[in-house]
Amino acid sequence: MDDRWALSRRQLLRTMAGAGVVAAADLAWWEEPLVRPGRAWGAQPVRFQFSVPEPKRTALVESLAQRFNQAQKDFEVKVEFVPQAQARQKLVTSIAANNPPDCCQVWDNWVGEFEGMGAVEDLTSRVRDWKHGKDVTPIAWQTVTVKGKILSFPWVVTNDGVYWRTDRAREYGITPPREDWTWDEFRAAAKAFTKLDKNQYGFGMRGQGTWAILYATEFMYANGAQVLKDGKVAVNSKEAVEGLEWYLDLFRKDKVCPPSVPTDGWRGIVEGFGRGVTNMYIHNSGSSEEQKDFVGAPNFATLPLPIGPAKKRTSFYFSETLTAFRNGKNREGAWRFMAWLMDDEPNFMYCKTLGLLPARKTLADRPEFAKDPAYAGFIRSFPFSIVSPYLAHAGWGGKLDSEGVPLFQQALVGKLTAREFLDKFADVLAKNMT
Amino acid sequence: MAPSDATVAVALPRSLSSRRARELMTGYLYLVPVAIALGGTIVVPILKAMHMSLFNYVLIKPQEYGFVGLGNYTRLLGDETFWLTLWNSFVWVFGSVSLQFLGGFAAALLLHQSFRGRAVVRTVTLLPWIVPGVVVALVWEWLYQPNYGVINDVLLRTGVLRDRVAWLSDPGLAMPAVIATNVWRGVPFFAIMLLAGLQAIPEDLYEAARVDGAPVTRRFWHITLPLLRPIIIVATATRVIWTFNYADLIFVMTGGGPANATQITSTYTLLMAYANLDFGYAATLSVVLLVIMLVFTVLYLRVTRGIESVT
């Protein structure tokens, strides 16, 4: 090898990865030199599975793992990145094959399924003695509690709110809504925002993926409906049908949504707003940082969901969890790593970088979250936020996507009425109560 | 003369196997690696899938695992979505292959002519076939994007459309849209196959026909088409099998939606396996797909056997 090449290939790759981390985030916090610590001989590494929707997250998590590895010498954390679309099935198959990672990042609606497989480490007793236990909001603990057992850390939390183009509202003379705005005001704004000659639509409705149903359900709740009543499926009640009818009509009759709605998933609604095709959409705080890049921080705000005819509104609250597995090889190490990720600095950086909210009150109260208009709609929605009713049964997790969404799309395109959809959907839910 | 000194022929001990048998054995031994490879990668998984289809095997419900006999097959018969996907598969295969064939034939006839830059045109014609299926799907998904896709933009600017069309979000248009993409991708396959066939037809036949005063249509009908028949059948049959199992394009472009409008049996199988993690039912769907393909393959072999004897 040429002597001028002082770096080995491995060193070069590592340096490039480190440079990528710094370049990707442009944060002073990550600019410390990466020094690889020594490891205790024979220590079992901790395998941490992380699903990767975007390069920024990859860089962030890699950086966090390196920081943890620098902070202690007992064992090493190795991050295993998997595409988000495959994260659930990869975890389930690894559990079935008795080779799960030690811990992972998963959405709360998957934890019930893993618990049903008897795979999840019960953290209840450890959490009781954990130093930040009381700092986590009770509703955040609810998202990770199954049958009375705390199964995960709520790493970050979020709820749903409305993104609103402030610059366009000014341009079209639309009065910014009050915080307690109503369905009628929501529809009126959507109509005023719709400018077909400019290829602009008032509302970017979601038609693809689990959350297409969740957003519709929030409107059903605002009309007084419930998914479960007295332990029985009540999702096809009169209130639910009327609420859903109103919501679907935004697309079907009012034509305030783009024609791509039936196949618009998360990426579709976020990009639709970011590219200026839509002027409102419903999502959690997770796309607020992206929208700052897309449309610019001064050009949008977030609002709570509107109040329905039943004089109520609901925002579904959920968490991205840190979950450990019973058959992990280094369970103590997994706990220590997860607890470290919940500490002030790592937790703050993770949430802030990704635009999600901390489950810990002391962090959520920091001005970076509490005073940022991009988060205002979500923080103000906390008083009426509830844990998603679809977390009630583990069997509902996958069915929402595979059976619920195609039915919902049929309702969107007019092949089913709201009543027919909800009757069929109620059957799917009733069959999969576990 | 005393026979004592005479040389007596002594029979050599016979080997246990004849030469013919040893040759056969050697031949079979050469086949062993292939047999192991094919057995391990094709036969065993097929048998495993058949076995799995007889069980209630939902990965997230290990406690419910158990033998259900033909239970999954009974479920399949009553599954409306399955029958819809089977119909969609027929539309998908028939629509794709017939249009690919027509486009490919037209392209082959054009490319068979002599003109300046023919080599370049032939190479360009091949390009869609070279691009990986997933890339094709992503590119076309963007082209079809109703709000900022190129297709709508061009059609609006040229006055062909007055409103934006949701190509992949409208249940009535989604299947034609994905078929059009598949046609774009598959035309080169037919073009190259048929071009090779055209080049193999002796020029004398056309010469003789011209001398006899046969017009171009009769030359095409009585010379080109019959002599291309073997290639047409082989290429079409191969393409039918590929297209029936080809899930990438639809999976990426529409995910089977909207409202199952583009859900074909192979994407439905993927959905059952990887979204529902219902391996038992997914295996049942796979076995049914296998049976359908076997029936088609038997028909195909019968037809091609006839062709081989002719050629």
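None of these values were measured; they are calculated from a predicted model. Throughout, a residue's number is its position along its own chain's written sequence, starting from 1. Whichever chain is written first is A, and whichever ligand is written first is 1; the rest continue in order. Since the coordinates come from a predicted model, pLDDT governs what is reported: local features require at least 70, and pairs of side-chain atoms require 80 or more to be given and counted, while whole-chain, interface and lining totals use all residues. The side-chain values count all of the structure's non-hydrogen atoms but skip hydrogen atoms and water molecules.

What follows covers the overall build of chain A. Helix and strand assignments come from DSSP, with helices taken as H or I runs of at least 4 residues and strands as E runs of at least 2, each series counted from the N terminus. Regarding its fold elements, chain A presents 19 helices and 13 strands. With 434 residues in all, chain A has 60% of them scored as buried. For chain A, long-range pairs separated by at least 24 residues make up 77% of all intrachain contacts whose partners lie at least 6 apart in sequence. The rule is simple: take the accessible area with a 1.4 Å probe, protein chains only, and divide by the maximum for that residue type; under 20% is buried, over 50% is exposed, in between is partly exposed. The contact definition used throughout considers only heavy atoms, calling two residues in contact when any of these lie within 4.5 Å.

Glancing now at the nonpolar core. Working definition of a nonpolar core: buried Ala, Val, Leu, Ile, Met, Phe, Trp, Tyr and Cys residues. They are joined through side-chain atoms within 4.5 Å. Formed by 150 residues in total, the largest nonpolar core has its most connected members in Phe48(A), Phe153(A), Phe203(A), Val235(A), Met280(A), Tyr390(A) and Phe408(A). Here this core gets 10 residues from one element, more than from any other, and that element is helix α9 (residues 210-222) of chain A. Not counting residues within four places of it along the chain, the set of residues in contact with Met280(A) comprises Val162(A), Tyr163(A), Trp164(A), Trp181(A), Phe186(A), Ala189(A), Ala190(A), Phe193(A), Gly202(A), Phe203(A), Gly204(A) and Phe273(A). Judged by nonpolar contacts, the second largest core, of 42 residues, contains Phe105(B), Val178(B), Ile201(B) and Tyr206(B).

The omega torsion across Gly257(B) and Pro258(B) is -5°, close enough to zero to call that bond cis. Along the chain, Pro258(B) falls in the loop between α10 (248-253) and α11 (265-274). Even without glycine at this site, Asn199(A) takes up a positive phi of about 55°. Residue Asn199(A) is classed as buried on the basis of its relative accessible area, which comes to 11%. Unusually for a residue other than glycine, Leu277(B) sits at a positive phi of about 55°.

It is worth spelling out the interface of chain B and chain A at this point. Across the contact, 26 residues belong to chain B and 31 residues belong to chain A. Across the chain B/chain A interface, buried area totals approximately 2300 Å², and carbon plus sulfur atoms make up 58% of it. Buried area: the sum, over both parts, of the accessible surface (1.4 Å probe) that disappears when the two are put together. Ranking the residues of chain B by area buried against chain A places Ile60(B), Asn147(B) and Ala259(B) at the top, with a combined share of 23%. The salt bridge definition used is simple: a Lys or Arg side-chain nitrogen within 4 Å of an Asp or Glu carboxyl oxygen. For the pair chain B and chain A, the number of links is 0 salt bridges. In this classification, Asp, Glu, Lys and Arg are treated as charged, Ala, Val, Leu, Ile, Met, Phe, Trp, Tyr, Cys and Pro as nonpolar, and every other residue, Gly included, as polar. Among the residues forming the side of chain B that touches chain A, the class breakdown is 16 nonpolar, 8 polar and 2 charged.

The next thing to look at is the layout of surface pockets. One number sums up the size of the second largest pocket: a volume of about 1000 Å³. Lining of the second largest pocket is provided by 33 residues; of these, Glu403(A), Val428(A), Asp79(B), Thr81(B) and Tyr268(B) occupy positions nearest its centre. Listing elements by their share of the lining of the second largest pocket, those giving two or more residues are α18 (396-412) and α19 (418-431) of chain A together with α3 (80-111) and α11 of chain B. Ranked by the residues each element gives to the lining of the second largest pocket, the list is headed by α18(A), at 7 residues. Split by residue class, the lining of the second largest pocket holds 11 nonpolar, 9 polar and 13 charged. Points on a 1 Å grid, built from protein atoms alone, make a cavity when a 1.4 Å probe fits but cannot get out and make a pocket when they are open with protein on both sides within 12 Å along at least 5 of 7 lines; residues with an atom within 4 Å of a point are the lining residues. Grid points are joined across faces, edges and corners, and a volume is the space filled by probe spheres set on the points.

The next thing to look at is the pairing of strand β10 (residues 300-303) of chain A. All names here are of chain A. Neither face of β10 is left uncovered, since the one carrying Phe 300 and Thr 302 and the one carrying Ala 301 and Leu 303 both have all their residues buried. The pairing of strand β6 (residues 152-165) with β10 spans 4 bridges and is antiparallel. Within β10, the residue paired with Trp 164 across the bridge is Ala 301. When DSSP finds at least two bridges between two strands, those strands are taken to pair.

So, on to the pattern of salt bridges. All names here are of chain A. A full pass over the atoms with the stated rule returns 34 salt bridges over all chains. Residues Lys 253 and Asp 249 are paired through a salt bridge, measuring 3.9 Å at the closest nitrogen-oxygen approach. Judged by its relative accessible area of 61%, Lys 253 falls in the exposed class. A salt bridge links Lys 352 to Asp 372; its shortest N-O distance comes to 3.7 Å. Taken together, the residues span a long stretch of sequence, with Lys 352 in helix α14 (residues 344-354) and Asp 372 in the loop between α16 (367-370) and α17 (373-379) at a distance of 20 residues. Three or more residues are tied together by salt bridges with common partners; here these are Glu 245, Asp 249, Arg 252 and Lys 253.

Residues and elements named next belong to chain A. Looking at the element boundaries, His 283 is found in strand β9 (residues 280-284). When its relative accessible area of 4% is taken as the criterion, His 283 is described as buried. Ignoring any residue separated from it by four or fewer positions in sequence, one finds His 283 in contact with Asn 159, Asp 160, Gly 161, Tyr 163, Tyr 215, Trp 266, Ile 269, Val 270 and Phe 378. Pairs of N or O atoms are called polar contacts if they sit within 3.5 Å, as long as, within protein, a hydrogen donor faces a hydrogen acceptor (for residues adjacent in sequence, only side-chain-to-side-chain pairs). Side-chain polar atoms of His 283 contact the side chain of Ser 287, separated by 2.7 Å.

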